[in-house]
Amino acid sequence: MGPLSPARTLRLWGPRSLGVALGVFMTIGFALQLLGGPFQRRLPGPQLRQPSAPSLRPALPSCAPRQRLVFLKTHKSGSSSVLSLLHRYGDRHGLRFALPARYQFGYPRLFQASRVKGYRPQTGGTQIPFHILCHHMRFNLKEVLQVMPSDSFFFSIVRDPAALARSAFSYYKSTSSAFRKSPSLAAFLANPRAFYRPGARGDHYARNLLWFDFGLPFPPEKRAKRGSLHPPRDPDPRQLQVQVLPSGAGPRAQTLNPNALIHPVSTVADHRSQISSPASFDLGSSSFIQWGLAWLDSVFDLVMVAEYFDESLVLLADALCWGLDDVVGFMHNAQAGRKQGLSTVSNSGLTAEDRQLTARARAWNNLDWALYVHFNRSLWARIEKYGQRRLQTAVAELRARREALAKHCLAGGEGF
């Protein structure tokens, strides 16, 4: 069948049909002319497009940003810098924070849900959900899970005990009786038993502060024994260092010998557990330390390392499916941190006196040193999985954005 002639088309459509069709086409064309200007103004022109920045996740992410967060804010470990990022993110997205009804959720006592402002026990009433729990506390998982859902993202931060000891001695000099009685940190670490008394007011700041903040139990011989003239002998830190668990992700509590350990009591279906009180333990027992580290692995999704703060932020953003700008911020007390030697973990550039002080601090804070070694390894295992070249690109971009933000927000480009 050949093409239709104009005469045949006119016969098939008719004058009235053709007139209606022409009217419709003219109306659409006129509307597009009227609306074309505003549409073009809303579309970004090529000259407004910015060079694509390195992304922390694929261009088409398959994940949704996580907004149920539990951050254990450990003392003197750079945690205030993380806290400010969480406050900013939460405020921007209208999230609800679980805030202390009074000072620091009753620290140094173990966290209790009743200390959260606005918390109501589950008695059939409507409980407005919290999104973020992130202020100072001594970790107590069972009570935390009364406030936050079990699928929240749990994370924290650790710091080399040698650097932490320097910071803690300066900051808690008037709070810890052990520090207050000592003329200097060097004098304290040379003979800590002359100053330290387990259970004395504020002396939890003077030894294994990270272990304490994580809410892990201490063996009976480490607990308060006021009036004891013969305190227990400290374990050999060299033995402790070589018996730290290899790093890795995922719960490991089930791999340990239950007959030699205290038993975690399961509280939720996703294997997060709550520690029960031990009957007896040897402080130098590798089983005790390994159990503590394995339990933390089963609870925390990520533990950052203060000495690799920017690398940790990149991994945090990736794990939360956040953008790079969500973790751009300034270090709190950054100048003080540099003076106190945040990078003492490498021992490079230290004098013989500083190296001795570092070794003594790690030996005295032996449980914290085990924590630090374990999570330092864990962080680098995570970096290997993420990709070192990819991480270097993201860290460079993070620092460039921080520098640009500092020039815009801070007088002279430095904190104050």
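What this report covers is the structure whose coordinates are included nearby. This one's a predicted model, so the numbers in the text were calculated from it and none came from an experiment.

Relative orientation of the contacting elements helix H10 (residues 309-320) and helix H14 (residues 388-409) amounts to 105°, with a least axis distance of 9 Å. When the interaxial angle is binned, H10 and H14 end up roughly perpendicular. Two secondary-structure elements touch here, H10 through Asp310, Glu311, Leu313, Val314, Leu315 and Asp318 and H14 through Arg390, Leu391, Ala394, Val395, Leu398, Arg399 and Arg402. By residue class, the composition of the contact of H10 with H14 is seven nonpolar, no polar and six charged.

For H10, spanning 12 residues, the distance from its first C-alpha to its last is 16 Å, which sits close to the expected 16 Å at 1.5 Å a residue. Buried residues dominate H10, accounting for 10 of its 12 residues. Within H10, burial applies to Phe309, Asp310, Glu311, Ser312, Leu313, Val314, Leu315, Leu316, Ala317 and Leu320. In this structure, the buried residues of H10 make contact with strand S1 (69-72), helix H2 (79-93), strand S3 (153-158), strand S6 (302-305), helix H13 (366-386) and H14. Once H10 finishes, cysteine 321 follows within two positions and takes phi at roughly 60°, a positive value.

Before going further, it helps to spend a moment on a positive patch on the surface. Residues Arg180, Lys181, Arg197 and Arg201 make up a contiguous surface patch of positive charge. Classification of arginine 180 as partly exposed rests on a relative accessible area of 47%.

Throughout the structure, instances matching the rule amount to 22 aromatic pairs. On the basis of an interplanar angle of 40° and a centroid distance of 6.4 Å, the ring pair of tyrosine 107 and tyrosine 205 is categorised as tilted. Taken together, the residues tyrosine 107 in the loop between H2 and strand S2 (132-133) and tyrosine 205 in the loop between helix H6 (185-190) and helix H7 (209-213) connect sequence positions 98 residues apart. You'll find tyrosine 107 and tyrosine 205 in the same group, each marked buried. Considering the side-chain rings of phenylalanine 153 and phenylalanine 155, the 5.7 Å spacing of their centres and the 50° angle between planes classify their relative orientation as tilted. Both residues of the pair, phenylalanine 153 and phenylalanine 155, count as buried. An aromatic cluster is present here, built from Phe139, Phe154, Phe214, Trp291, Trp295 and Phe300 joined pairwise through their rings. Positioned above the aromatic ring of phenylalanine 212 is the side chain of arginine 138, whose terminal nitrogen or guanidinium carbon lies 3.9 Å from the ring centre.

In spatial order, the strands read S2-S1-S3-S6; together these four strands make up an open sheet with parallel pairing. Looking at the sheet topology across the chains shown, the edges are occupied by S2 and S6. The pairing of S1 with S2 spans two bridges and is classified as parallel. Its bridge partner lying in S2, valine 70 is registered against leucine 133. Its contacts with the sheet place H2 against S1, S2, S3 and S6, and it is angled at close to 160° to S1.

Over its 13 residues, helix H12 (residues 352-364) extends 18 Å from the first C-alpha to the last, a length consistent with the 18 Å expected when each residue adds 1.5 Å. Among the structural elements, helix H4 (161-171), H6 and H13 are those in contact with the buried residues of H12.

Our focus in this paragraph is the environment of leucine 357. With respect to the helices and strands, the residue leucine 357 is situated in helix H12. Separated by 172 residues in sequence, leucine 357 and leucine 185 have C-alpha atoms that sit 8.5 Å apart. With sequence-adjacent residues up to four places away left out, leucine 357 is seen in contact with Arg166, Leu185, Ala186 and Leu189.

This part covers the pattern of salt bridges. Evaluation of the coordinates by the stated rule reveals seven salt bridges. Aspartate 160 is paired through a salt bridge with arginine 362; the nearest N and O atoms lie 2.8 Å apart. Residue aspartate 160 is located in the loop between S3 and H4, and its partner arginine 362 is located in helix H12; the two are separated by 202 residues in the primary sequence. Classification of aspartate 160 by relative accessible area gives buried; the value is 0%. A salt bridge links aspartate 325 to arginine 401, with the nearest nitrogen and oxygen atoms 2.9 Å apart. You can see aspartate 325 sitting in the loop between H10 and helix H11 (334-339) and its partner arginine 401 sitting in helix H14, a full 76 residues away along the chain. Of the residues examined, aspartate 325 reaches a relative accessible area of 47% and is grouped as partly exposed. Overall, the relative accessible area of 22% leaves arginine 401 in the partly exposed class. Each of Asp310, Arg399 and Arg402 takes part in a single network of salt bridges with overlapping partners.

About the criteria used
Residues numbered from 1 in each chain as written. Predicted model: local features only at pLDDT ≥ 70, side-chain atom pairs only at ≥ 80, totals over all residues. Heavy atoms only, no water. Axes fitted to C-alpha atoms, helices over the stretch in contact; angles between N-to-C directions. Helix = DSSP H or I, 4+ residues; strand = E, 2+ residues; numbered from the N terminus. Parallel < 35°, antiparallel > 145°, perpendicular 65-115°, else oblique. Contact = heavy atoms within 4.5 Å. Nonpolar A, V, L, I, M, F, W, Y, C, P; charged D, E, K, R; others polar. Expected span 1.5 Å × (residues − 1). Buried < 20%, exposed > 50% of the residue type's maximum accessible area, 1.4 Å probe, protein only. Patch = residues over 30% accessible without salt bridge, like charges linked within 9 Å, V, L, I, M, F, W, Y side chains within 5 Å. Areas by Shrake-Rupley, 256 points an atom, 1.4 Å probe, with all protein chains shown as cover. Salt bridge = Lys/Arg side-chain N within 4 Å of Asp/Glu carboxyl O. Lys, Arg positive; Asp, Glu negative; His and termini not counted. Charge placed at Lys NZ, Arg CZ, Asp CG, Glu CD. Phe/Tyr/Trp six-rings, centres within 6.5 Å; stacked < 30°, edge-to-face > 60°. Lys NZ or Arg CZ within 6 Å of the ring centre and 35° of its normal. Pairing = 2+ DSSP bridges.

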